[in-house]
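# Observations on the model geometry
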Amino acid sequence: MTFEKIKEIIVEQLSVDEAQVGMDTHLMKDLEADSLDAVEIIMAIEDEFDIEVPDEDAEKFQSVGDIVRYVEEKLN
């Protein structure tokens, strides 16, 4: 499942508890991710799913759900 993979990446990149990461979790507000964290998460997602995420798309991501929906659209 896409969400589970993305959740794993976020937990690993940010060293947060798995329970903190849900579809509505906001990367910056809830997990205190900074812009470097966000770039590393996007790079890990690109590697994991073999997709490319343009910067203008990545800048729109607010919540974990935004990323999941984006990746699922790219994969279909």
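Everything numeric in this text was worked out from a predicted model, so none of it was measured.

### Quick look at the pattern of salt bridges
This model, assessed by the stated rule, comprises four salt bridges. Lys-60 is the partner of Asp-57 in a salt bridge, and the nearest nitrogen-oxygen pair spans 4.0 Å. For Asp-57, a relative accessible area of 19% gives the class buried. With a relative accessible area of 60%, Lys-60 lands in the exposed category.

### Quick look at the UniProt feature "domain: Carrier" (unreviewed entry) in the protein
Annotation from UniProt places "domain: Carrier" (unreviewed entry) at residues 1-75. As a span, residues 1-75 carries 59% helix and 0% strand, and end to end its C-alpha atoms are 12 Å apart.

### Focus: the packing of aromatic side chains
Inspection of the entire model under this criterion finds one aromatic pair. Look at Phe-61 and Tyr-70: their rings are 5.2 Å apart centre to centre, the planes differ by 70°, and that puts the pair in the edge-to-face class. The exposure classification of Phe-61 matches that of Tyr-70, with both residues buried.

### Regarding the UniProt feature "modified residue: O-(pantetheine 4'-phosphoryl)serine" (unreviewed entry) in the protein
With numbering aligned to this structure, UniProt lists the feature "modified residue: O-(pantetheine 4'-phosphoryl)serine" (unreviewed entry) at Ser-35. In this structure, Ser-35 sits in helix α2 (residues 35-49). Residue classification places Ser-35 among the exposed positions, given a relative accessible area of 55%.

### Side note on the environment of Gln-62
Residue placement: Gln-62 occurs in the loop between α3 (55-58) and α4 (64-75). A residue is classified by how much of its surface remains accessible, and Gln-62, at 41% relative accessible area, is partly exposed. For the pair Gln-62 and Ala-44, spaced 18 residues apart in sequence, the C-alpha to C-alpha distance is 17 Å. Not counting residues within four places of it along the chain, the set of residues in contact with Gln-62 comprises Thr-25, His-26 and Leu-27.

Here is what the cut-offs are and how they apply
- Residues numbered from 1 in each chain as written.
- Predicted model: local features only at pLDDT ≥ 70, side-chain atom pairs only at ≥ 80, totals over all residues.
- Heavy atoms only, no water.
- Salt bridge = Lys/Arg side-chain N within 4 Å of Asp/Glu carboxyl O.
- Buried < 20%, exposed > 50% of the residue type's maximum accessible area, 1.4 Å probe, protein only.
- UniProt positions renumbered as here; feature names shortened; annotations may be inferred.
- Helix = DSSP H or I, 4+ residues; strand = E, 2+ residues; numbered from the N terminus.
- Phe/Tyr/Trp six-rings, centres within 6.5 Å; stacked < 30°, edge-to-face > 60°.
- Contact = heavy atoms within 4.5 Å.

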